[in-house]
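# Architecture at a glance
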Amino acid sequence: MRVIICGAGQVGYGIAERLAAEGNDVSVIDMSSDLIEIVGDTLDVRGFVGHGAHPDMLEKAGADQADMIIAVTLFDEVNIVACEVAHALFNVPTKIARIRAQSYLQSHYQDLFSREHMPIDVIISPELEVGEMVLRRIALPGVTDVVRLCDDKVAVLAIECLEDCPVVHTQLAQLTSMFPDLNATVMAVVHDGKLAVAHSSDQLMPGDVAYVATPSAQIARTLALFGHEEPEATRIVIAGGGNIGLYVAQTIEERQPRTKVKVIEASLRRANSIADDLHRSLVLHGSALDQKLLREAEIEDADLIVALTNDDQVNMLASVMAKRLGCKSNLVLINNPDYLDIAKSLGIDAQISPRSVTISRVLQHVRRGRIRAVHSIENGQAEIIEAEALETSPLVGATLGELDLPDGLRIGAIYRNGELIKPQGSTRIKPRDRVVLFATAETVKQVEQMFRVSLEFF
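Residues numbered from 1 in each chain as written. Predicted model: local features only at pLDDT ≥ 70, side-chain atom pairs only at ≥ 80, totals over all residues. Heavy atoms only, no water.

### What about helix 11 (residues 312–324)?
We apply this condition: Runs of E in the DSSP output that reach at least two residues are strands. Runs of H or I that reach at least four are helices, and both are numbered from the N terminus. Expected helix span is taken as 1.5 Å per residue step, with the number of steps being one fewer than the number of residues. Between buried and exposed lies partly exposed: a residue is buried under 20% and exposed over 50% of the maximum accessible area for its type, with that area taken using a 1.4 Å probe on protein chains only. Any two residues whose heavy atoms approach within 4.5 Å at even a single point are treated as in contact.
Under the 1.5 Å per step criterion, the end-to-end length of helix 11 is 19 Å for 13 residues, consistent within 8% with the ideal 18 Å. Of the residues making up helix 11, those classed as buried are D312, V314, N315, M316, A318, S319, V320, M321 and A322. For helix 11, the secondary structure elements touched by its buried residues are helix 10 (291–296), strand 15 (304–307), strand 16 (330–333) and helix 12 (337–340). At the exit of helix 11 stands G326, carrying a positive phi of roughly 120°.

Structural data, given as structure tokens:
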């Protein structure tokens, strides 16, 4: 597949890295010669210094033969125009644009990006995507990552195994016999910092993180099985009143009227502005690193601090400080991927990477075959995928025990006619089943092939 990426920042680089590693023909355009030099030196892609929306640059990058353009520069208008030019002059089939300004995304302007006006196939709003991820994490204390699949009927949870976890030192094969009515499957495990497919002979150890597929109706019981019965946070402090912080606070006001929210915002002008937009939340002006202000926000009685400023270091330090002052838990927004590995050692309970969230949404539309959803995990080492099986899929017909699946793949759930089926050796996948699976980065291309439409289908 030939792909043009406009923007070589963290998101653009991450997408290029993933697609190039899978053998796609990738071109990257950016105004910064330094960023293009980094891309060219570290990835097997073509780099072009220039304006991503200019016709001559798109032509140099091969737009006349491109299958897709992904516009993820820092500027909405550049992304929009790049997609328009790619459509009008080069007839690029698929156009994806990252849009930050919420004004473009208001419901009464929903026809703006239709084929008749601005022909963009997929609009991705990082603020909304990250905001929703934050809300899902808040709703599930004890979970370090979560993805909802199959019309919200299935959840894949990343759960840390604590010292008193009831299932540690127990082979995964024994969990089914111990809990026969629990429809949960451990798909992958992070042990000593290394991510690997889970096998029936594996034992979970304290400190491991297990990726578990479970029915949404059994989330609470699954978490209890892993020793997590933390109550939902009802007293929350949000550090950072930007677009994400405001969205989270407003949504909590709408969905959780009993939850008390306090927002700390460094800019006086912004603090006054969001105070007018919020109805029940208290807005405090000042730095989240100010211990006096944290105490004014009654951090010692808070269940959770959610750090959502634009500064990773402020987010991390404020969260660590809040816990030392008595806050029960923290959730931190981290943009720099270099910080992700050290966050846990600093006392950070859970983290969210806007880069990973945005890349996951892009990959959902890049993946070929009947791929319905994609969630990138562990800094791009693997993906949680929901895909629809067709009659011609090699997965259909044989039992799972008979299938010769790649080493880096594990099926976690099968969704059929509104019901969740726990995968076992005797289970058979049927056409139109929706399959939830874990796939390492090396096996993603094989997954795409398994769910592609064969020519014999027509």
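### Examining empty space enclosed by the protein
Let me state the cut-off plainly: Detection works on a 1 Å grid of protein atoms alone, calling trapped sets that fit a 1.4 Å probe cavities and calling open sets with protein on both sides within 12 Å along at least five of seven lines pockets, with lining residues defined by an atom within 4 Å of a point. Grid points are joined across faces, edges and corners, and a volume is the space filled by probe spheres set on the points. Only Asp, Glu, Lys and Arg are considered charged, only Ala, Val, Leu, Ile, Met, Phe, Trp, Tyr, Cys and Pro nonpolar, and every remaining residue, Gly among them, polar.
According to the stated counting rule, one finds one cavity of 30 Å³ or more in the structure shown. Volume-wise, the largest cavity comes out at about 30 Å³. Forming the boundary of the largest cavity are M1, L19, E22, N24, V366, R367, R368, K445 and E448. Here the residues of the lining of the largest cavity sort into three nonpolar, one polar and five charged.

### Remarks on the sheet that holds strand 20 (residues 409–416)
Strand pairing in a sheet takes place through backbone hydrogen bonds and is either antiparallel or parallel in direction. Rules: DSSP-based pairing: two strands are paired if at least 2 bridges between them are found. Between the N-to-C directions of two axes lies an angle of 0 to 180 degrees, each axis being a line fitted to C-alpha atoms and, for a helix, fitted only over the stretch in contact.
Spatially, the five strands line up as an open sheet ordered 18-19-22-20-21, and their pairing is antiparallel. Sheet topology places strand 18 (371–377) and strand 21 (419–421) at the edges, where each strand pairs with a single neighbour. Sheet twist, expressed as the average angle between the axes of neighbouring strands with direction ignored, equals 20°. Across three bridges, strand 20 lies against strand 21 in antiparallel orientation. Counted as the bridge partner of Y415 is L420 from strand 21.

### A look at the domain arrangement of the chain
Defined as follows: Reported domain spans reflect what an automatic or database domain assignment gives. Here's the idea: put two parts together, see how much 1.4 Å probe accessible area each one loses, and the total over both is what we call buried area. Definition used for salt bridges: Asp or Glu carboxyl oxygen within 4 Å of a side-chain nitrogen of Lys or Arg. Two N or O atoms form a polar contact when they lie within 3.5 Å of each other; inside protein one atom must be a possible hydrogen donor and the other a possible acceptor, and for residues adjacent in sequence the pair counts only when both atoms belong to side chains.
Each domain of the chain was delimited in the assignment, giving domain 1 (2–124), domain 2 (130–226), domain 3 (235–356) and domain 4 (360–457). With centres defined by C-alpha atoms, the gap from domain 1 to domain 4 works out at 28 Å. Taken together, the contact pairs 12 residues of domain 1 with 13 residues of domain 4. Sorting the residues of domain 1 by area buried against domain 4 places R18, E22 and I124 first, and these three jointly supply 53% of that buried surface. One can count two salt bridges joining domain 1 with domain 4. On the surface where domain 1 and domain 4 come into contact, there are three residue pairs in polar contact (both at pLDDT 80 or more). If you list the elements that add at least two residues to the side of domain 1 that touches domain 4, you get helix 1 (10–21), strand 4 (68–71) and strand 6 (122–124). Residue composition of the side of domain 1 that touches domain 4, by class: eight nonpolar, one polar and three charged.

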